[in-house]
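# Descriptive analysis of the structure
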Amino acid sequence: MSTIHPDQAAAEQLMGKGAAAGGSLPDPGDGSLIEDPGVRAPLVLNNRGFGEITEIVCGYAEKPYPDKLMLMLLGLSATLAGVCGLMILYLIITGVGVWGLTNQVDWAWDITNFVFWIGIGHAGTLISAILCLFKQKWRTAVNRSAEAMTIFAVICAGLFPAIHVGRIWFIWMVFPIPNANGIWPNFRSPLLWDVFAVSTYFTVSALFWYMGLIPDMATLRDRAHKRMLQAKRAGEKVFLPDMIRAYTFGALAGGWRFSSRHWHRYEVAYLILAGISTPLVLSVHSIVSFDFATSVMPGWHTTIFPPYFVAGAIFGGFAMVLFLLIPAREIYPNMKDILTLRHLENMSKIILVTGMMVGFAYTMEFFIAWYSGNKYEAFIFVNARALPTWLSADGAPYWWAYWIMISCNVLSPQVFWKRSMRTNPLVIWIVALLVTIGMWFERFVIIVTSLHRAFLPGEWHMFHPTPVDILTFVGSCGIFLTLFLLFMRFLPMFAMAELKAVTPQAHRHDKNDPLHAHDEHEEGGH
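These notes cover the structure that comes with them. (Residues numbered from 1 in each chain as written. Predicted model: local features only at pLDDT ≥ 70, side-chain atom pairs only at ≥ 80, totals over all residues. Heavy atoms only, no water.)

Turning to the overall build of the protein chain, a few remarks are in order. When its secondary structure is counted, the protein chain shows 18 helices and 0 strands. For 526 residues, the compact-globule formula gives about 24 Å, and the C-alpha radius of gyration of the protein chain, at 26 Å, lands near that figure. The principal-axis extents of the C-alpha atoms in the protein chain amount to approximately 90 × 60 × 40 Å. Here the protein chain holds 526 residues, and 51% of them are scored as buried. Counted over contacts in the protein chain with a minimum sequence separation of 6, partners at least 24 positions apart contribute 77%. Here the protein chain displays about 24200 Å² of accessible surface, and carbon together with sulfur accounts for 68% of that area. Each charge class in the protein chain was averaged separately, 37 positive and 36 negative side chains, and the resulting centres sit 6 Å apart. (Helix = DSSP H or I, 4+ residues; strand = E, 2+ residues; numbered from the N terminus. Rg over C-alpha atoms; globule rule 2.2 N^0.38 Å. Buried < 20%, exposed > 50% of the residue type's maximum accessible area, 1.4 Å probe, protein only. Contact = heavy atoms within 4.5 Å. Areas by Shrake-Rupley, 256 points an atom, 1.4 Å probe, with all protein chains shown as cover. Lys, Arg positive; Asp, Glu negative; His and termini not counted. Charge placed at Lys NZ, Arg CZ, Asp CG, Glu CD.)

Rendered as structure tokens:
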């Protein structure tokens, strides 16, 4: 066995040194796509040292002035967020009649958007918790952003159940609070289960995100404090943002001092939270699916919904992570050294696998509708969803939505069977955009097409969204992007300690590792 550590061999190859630079290996692209079993693909490129990683990650949050592009994006997203606030205010003043709801289609864009945003938030918990428990080191480049995305997506999701009740000032009645009216929630209702599941998910995800941020906030605190001391010693005026950072991050870091005791407590708490979060990945969206699966409505009461919804949530969540991080990778300097093509390829593989799982669920829905012999169930899937009106007079008026869903969710990820496609950032970003669109249409198809055709033809009604429907959803996207852009501007996008732990330097002086014994001998044991 070679005495050269795989990470060190990869670093030498990238620098054109050592035995790995002989040209016998295929072109590794950016250096992270090495397939030689004797060379471990690096997770941080260009042999970055600990100090360089700190400067790169902290530099994103410590820039004195934001980029013009960032200001333009923030201004656009904040404007959309304001539009959402105006639409909600108009809804409260006027009533839910401003939406396109009918007596038959009484759930439409409101619940569609709720399930969509809950699904978007699932990738953060998956990347942070499950991949942490399975010790997948490649998660280090995406876990922080995915965790932040989870928090912001759940915030957007929470808007819609609150406003869809009509009289929002009575929303407190969904909580089991003793009151003078003697009104208690129905604990057998999946809608109440949603309240507990989503609030628990948000609380645990926020704790998990904050726990991971503590060491990095302490780093930002210390760096700001150091610059303040240097300015005072030089007789210069203290930079106000540094003063704000020092006090704000000092309070948020909770007295973190990088001691061994602090690191030990941190790792134990992080592992406990990962263990608590892992069942939530499966339970939360399963409970959301019970809103439909426990009903008697054809198209909804199916036992495949819980695993189908979970796979779809992971599918859509990973797509949103790629949709956000690939442009950031192009805009921010040196981010390509941290978020490599290997990371993009791994996430593309997950999208391919979960996309096939979703496609299997779509197929099984048709099979069970036929196998059950229930003519109402078969009618929903064939005549209310899949059959185009131009093929049959009894076809589905929303057939176009169904086939958009199939094209985006089942067909578009198939390009990832080819490696050149799943390592091309532009192709990955386009597929991520299509999957995001397709997952919204999936929720729309499930909800609206199951409701617009009732048991009696006299109850058949079409749903047409109003401008208030559309602007409320677009505004929720603005809220999400505003929060994410503020996160990118003021907080570290990567967990610096975890990034440093996957570099060759982190293992260079490990005396218990026989792969590094030669380093100690060659360098005199220093």
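That shown, we press on.
Mapped onto the elements of the fold, Thr503 is located in the loop between helix H17 (496–501) and helix H18 (517–522). Ignoring any residue separated from it by four or fewer positions in sequence, one finds Thr503 in contact with Val44, Arg48, Phe50 and Ile53.

Turning our eyes to something else, we now look at the packing of helix H6 (residues 143–163) against helix H10 (residues 305–331). At a minimum axis separation of 10 Å, H6 and H10 run at an interaxial angle of 115°. If you check the angle between H6 and H10, you find them roughly perpendicular. Considering only the axes of H6 and H10, their crossing is right-handed. Contacts from Ser145, Ala146 and Met149 in H6 reach Gly317, Met320, Val321, Leu324 and Leu325 in H10. Residues belonging to the contact of H6 with H10 are distributed by class as follows: 6 nonpolar, 2 polar and no charged. (Axes fitted to C-alpha atoms, helices over the stretch in contact; angles between N-to-C directions. Parallel < 35°, antiparallel > 145°, perpendicular 65-115°, else oblique. Left-handed = near helix turned anticlockwise from the far one by under 90°. Nonpolar A, V, L, I, M, F, W, Y, C, P; charged D, E, K, R; others polar.)

Here we come to the environment of Gly100. Among the structural elements, Gly100 can be located in the loop between helix H3 (68–94) and helix H4 (109–120). Taking the C-alpha atoms as reference, Gly100 lies 7.2 Å from Asp469; in sequence the two are 369 residues apart. Each residue touching Gly100, except ones within four places of it in the same chain, is listed here: Phe463, His464, Thr466 and Asp469.

Topologically, Ser77 is positioned in helix H3. For Ser77, a relative accessible area of 3% translates into the label buried. Side-chain polar atoms of Ser77 contact the backbone oxygen of Leu74, separated by 3.1 Å. The residues contacting Ser77, other than those within four sequence positions of it, are Gly478, Leu481, Thr482 and Leu485. (Polar contact = N/O pair within 3.5 Å; in protein donor to acceptor, adjacent residues only side chain to side chain.)

With that out of the way, let us pick up helix H15 (residues 425–451). Between its first and last C-alpha atoms H15 spans 39 Å; for 27 residues at 1.5 Å apiece the expected length is 39 Å, and the two agree. The largest bend in H15 comes to about 25°, at Val445. Counted residue by residue, H15 has 21 buried out of 27 residues, so it is predominantly covered. The distance from a side-chain oxygen at the start of H15 to the backbone nitrogen of Leu426 is 3.0 Å, and the residue carrying that oxygen is Asn424. (Expected span 1.5 Å × (residues − 1). Bend = angle between axes of the 7 residues up to and from the residue.)

Quick look at the pattern of salt bridges now. Under the criterion given, the structure shown has 17 salt bridges. The salt bridge involving Arg223 is made with Glu62; its shortest N-O contact spans 2.9 Å. Taken together, the residues span a long stretch of sequence, with Arg223 in helix H7 (residues 190–233) and Glu62 in helix H2 (residues 50–62) at a distance of 161 residues. Residue classification places Arg223 among the buried positions, given a relative accessible area of 17%. On the basis of relative accessible area, Glu62 is assigned to the buried category, the value being 12%. Glu345 is paired through a salt bridge with Arg342; the nearest N and O atoms lie 3.4 Å apart. Taken together, the residues span about one helical turn, with Glu345 and Arg342 both in helix H11 (residues 341–371) at a distance of 3 residues. For the pair shown, Glu345 and Arg342 are each scored as buried. In this structure, a network of salt bridges that share partners links the residues Glu55, Glu62, Arg223, Arg227, Asp242 and Arg245. (Salt bridge = Lys/Arg side-chain N within 4 Å of Asp/Glu carboxyl O.)

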